[in-house]
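# Breakdown of the fold
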Amino acid sequence: MMQIYLTAYAIFLAAFGFYTLFMSIANIIHFRNIEKKAELHEDGELVSVVIPARNEENNLPRLMDSLLKQSYRNMEILVIDDASTDRTWEILQGYAAKDPRVRIFQSDPAVKKARNGKINALLQLIVHAKGEYLYATDADTEHGRDAVSIAYSVMKDRNLDIVSGFPKEKCESYLGSVNMSAMILTLTCIPHFLARFFSIPAFSVAIGQFIMMKKSSYDEVGGYDSIKDRTCDDMSISNRFVKLGKKYHFIPVADHISCNMYAERKQAFNGIARSVNGAVPMSFAAIPIVALILILFFHIVAAPLFSICYPLWGAYFLQMELITFGWVAFYAAWYIACTECRLDAKVALSCPIAIFQTAMMYIYGLNIKLRGKNFIWKGRQI
């Protein structure tokens, strides 16, 4: 029985390690190709930057200053104050008075267009957008001078309907950063380099801190109104676009956009738990697949221990060699992907902790769902 278990474990882990290493390298080559071919446009069609803001007085100055310094000229900045109780509205009024490109709004508490608080705010805001392109971002982000130009240029030159990418994630807490690195799985497991050839909704990934959409395509797929009851708005909107045949790319933006999404470990754990559960929706049909993924995750964490305890498994030399190859390959893939997303080296080297935490975040989120509860973020149900 032990031989069967170790053999199955070794083969599966070796195959998974090889797959993820190949995916990481192929995806990064694809990203480099996008950057190499991108020709910056500093003018073109009107781009509407849309931002929901709830109690963001500490983040708004950094965000707004970075957007007003963009090299792309033809843009408007729309911000909706979503029932803030701090100085968010006052700060927004100051920016609107300084620059005519800034248009500000307040959410109507009597309007409930969606159960998800962020989607509800976006639905009230986007109706005011005049641009041919929507650049959706969060209030806790900061944008390099060419951020909008890069996004617009890639979309325009490749005739795309939607793009997204990983900003550089910042968190003062080491464990908080490790929790956020769970998103790296999308670079090690999903073949982004094939997106131009195949439209597979399950392989489409979006990060809410940066999503750019062609407005006409947004309207055609039903926009956020079509996913208004979903927990994970960013993944759901990209899935919706691809499902309806729209052209999608995941692009490199870590050098152009950064985000201070979570201040500490607990916030990061709860926030990423929402994203993990939104990306892998629970259903009876998915139970066997989810169970296998969780078992794989725990085995990846334990794999180095099998290698260290090799003398105890002397009779299974080949299995131990395959197990060692599998986890080394996977950890290398993880490190490469973390480096691509500009995460700190100490975070990139914390793969076992990140994988264990990812499994725990999914279990935690699943517990919330099974108890009929909702995720809470910034005082809003989502």
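Everything discussed here concerns the structure shown above.
Anyway, here's the lowdown on the structure attached to this text. Quantities reported herein were computed from a predicted structural model and do not represent experimental measurements.

### Describing the packing of helix H2 (residues 60-68) against helix H3 (residues 88-98)
At a minimum axis separation of 11 Å, H2 and H3 run at an interaxial angle of 20°. Our classification of the angle between H2 and H3 gives roughly parallel. As H2 packs across H3, the resulting crossing turns out to be right-handed. Contact residues: H2 offers Leu 60, Pro 61, Met 64, Asp 65 and Leu 68, while H3 offers Thr 88, Ile 91, Leu 92 and Tyr 95.

### A few points about the sheet that holds strand E10 (residues 257-259)
Read from one edge to the other, the open sheet built from three strands follows the order E5-E10-E7, with strand pairing classed as mixed. Strands at the two margins of the open sheet, each flanked by one partner only, are strand E5 (141-143) and strand E7 (168-169). In terms of strand pairing, E5 meets E10 through three bridges, oriented antiparallel. Opposite Glu 142, over in E10, you have Ser 258 as the bridge partner.

### Quick word on the nonpolar core
Met 213, Tyr 224, Ile 323, Phe 330 and Trp 334 are the most contacted members of the largest nonpolar core, which has 71 residues in total. It is helix H12 (residues 317-340) that contributes the most residues to this core, eight residues altogether. Not counting residues up to four positions away in its chain, the partners in contact with Trp 334 are Ser 181, Ala 182, Ile 184, Leu 185, Thr 188, Val 347, Ala 348, Cys 351, Ala 354 and Ile 355. In this structure, Val 47, Val 49, Tyr 133 and Tyr 152 belong to the second largest nonpolar core, which totals 34 residues.

### Some words on empty space enclosed by the protein
Here the structure, examined in full by the defined rule, presents four cavities of 30 Å³ or more. In this structure, the largest cavity occupies an estimated 70 Å³ of space. What lines the largest cavity is Phe 31, Phe 166, Leu 187, Phe 250, Ile 251, Pro 252, Val 253, Ala 254, Glu 340 and Cys 341. Taken as a whole, the second largest cavity encloses approximately 60 Å³ of empty space. Taken together, Phe 166, Pro 167, Glu 169, Met 180, Ser 181, Met 183, Ile 184, Cys 341 and Leu 343 make up the full set of residues lining the second largest cavity. Of the residues contributing to the lining of the second largest cavity, the split by class is seven nonpolar, one polar and one charged.

Calculation rules
- Residues numbered from 1 in each chain as written.
- Predicted model: local features only at pLDDT ≥ 70, side-chain atom pairs only at ≥ 80, totals over all residues.
- Heavy atoms only, no water.
- Axes fitted to C-alpha atoms, helices over the stretch in contact; angles between N-to-C directions.
- Helix = DSSP H or I, 4+ residues; strand = E, 2+ residues; numbered from the N terminus.
- Parallel < 35°, antiparallel > 145°, perpendicular 65-115°, else oblique.
- Left-handed = near helix turned anticlockwise from the far one by under 90°.
- Contact = heavy atoms within 4.5 Å.
- Pairing = 2+ DSSP bridges.
- Core = buried A, V, L, I, M, F, W, Y, C linked by side-chain atoms within 4.5 Å.
- Buried < 20%, exposed > 50% of the residue type's maximum accessible area, 1.4 Å probe, protein only.
- 1 Å grid on protein atoms, 1.4 Å probe; cavity = no way out; pocket = protein on both sides within 12 Å on 5 of 7 lines; lining within 4 Å.
- Points joined across faces, edges and corners; volume = space filled by probe spheres on them.
- Nonpolar A, V, L, I, M, F, W, Y, C, P; charged D, E, K, R; others polar.

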